[in-house]
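So the chains spell out like this:
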Amino acid sequence: MRADTNDVAFRLLLSLGELWEGLQNANIDPTCKGLHLTKEYLGGYTRYSAGPSTRPRLVVEWNESSRHLRVLRCEEWAGVEATISGTVAYVRAEARLKGLIDVVDATFVGACGEQLPARRTVCKASVPVGASASR
């Protein structure tokens, strides 16, 4: 996965971030599949920090209105796509049981469907998520 809006796994990660608080309020625990994510609002940007534990391997700031992505940290994270995929599948199954599938699916479909141009800034040299340091 690349911390880039052209990467589907990354866009699904951002959509999980959008849903995160609501999922927890609906008693759906998205962390049970190994993905830990926090979201902070910073003026016009939203900071997403994600990783396989409470120590984030990926930290980005996203401004939806200007379509600007700032990559602050992007460390190696083995199995990131599988973790995101497993979390999405779990969230969808739980949302279906709780009658929330329409809202959840609309968010995921929206994340995967539209590819608007975005500006990307890497604020620190880093290894792409899922890649080895030797590449």
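Residues numbered from 1 in each chain as written. Predicted model: local features only at pLDDT ≥ 70, side-chain atom pairs only at ≥ 80, totals over all residues. Heavy atoms only, no water.

Colleague: Describe the sheet that holds strand E5 (residues 119-122), with residues and values.
Modeller: Strands in a sheet are paired, the pairing made by backbone hydrogen bonds, and the direction either parallel or antiparallel. Read from one edge to the other, the open sheet built from five strands follows the order E1-E2-E3-E4-E5, with strand pairing classed as mixed. Edge positions in the open sheet fall to strand E1 (36-42) and E5, since each of these has one partner strand only. In this sheet, neighbouring strand axes are inclined to one another by 20° on average, regardless of whether the strands run parallel or antiparallel. Across the sheet, helix H1 (residues 8-25) lies against E1, strand E2 (45-51), strand E3 (58-63) and strand E4 (68-74), angled at about 75° from E1, the strand it touches most. (Pairing = 2+ DSSP bridges. Helix = DSSP H or I, 4+ residues; strand = E, 2+ residues; numbered from the N terminus. Axes fitted to C-alpha atoms, helices over the stretch in contact; angles between N-to-C directions. Contact = heavy atoms within 4.5 Å.)

Colleague: Describe the pattern of salt bridges, and please don't skip the residues or the numbers.
Modeller: The final tally for this structure, using the stated rule, is six salt bridges. The shortest N-O distance in the salt bridge between Glu75 and Arg55 comes to 2.8 Å. Here Glu75 is found in the loop between E4 and helix H2 (80-97), whereas its partner Arg55 is found in the loop between E2 and E3, with 20 residues between them in sequence. With a closest N to O distance of 2.5 Å, Arg92 and Asp105 form a salt bridge. Note that Arg92 is positioned in helix H2 and Asp105 in helix H3 (residues 101-113), a separation of 13 residues in sequence. The exposure class of Arg92 is partly exposed, given its relative accessible area of 29%. A network of salt bridges, in which partner residues are shared, links Arg47, Glu61 and Arg70. (Salt bridge = Lys/Arg side-chain N within 4 Å of Asp/Glu carboxyl O. Buried < 20%, exposed > 50% of the residue type's maximum accessible area, 1.4 Å probe, protein only.)

Colleague: Talk me through H1; I want residue IDs and the actual numbers.
Modeller: For H1, which comprises 18 residues, the first-to-last C-alpha distance of 26 Å matches the rise-based estimate of 26 Å (1.5 Å per residue) to within 8%. Helix geometry: H1 is bent most strongly at Leu19, by close to 50°. Taken together, the buried positions of H1 are occupied by Ala9, Phe10, Arg11, Leu12, Leu13, Leu14, Ser15, Leu16, Gly17, Leu19, Trp20 and Leu23. Check the buried side of H1 and you find it contacts E1, E2, E3, E4, H2 and H3. Measuring from the backbone nitrogen of Ala9 back to the side-chain oxygen at the start of H1 gives 3.0 Å, which picks out Asp7 as the cap. Within two residues after H1, Asn27 carries a phi angle of roughly 60°, on the positive side. (Expected span 1.5 Å × (residues − 1). Bend = angle between axes of the 7 residues up to and from the residue. Polar contact = N/O pair within 3.5 Å; in protein donor to acceptor, adjacent residues only side chain to side chain.)

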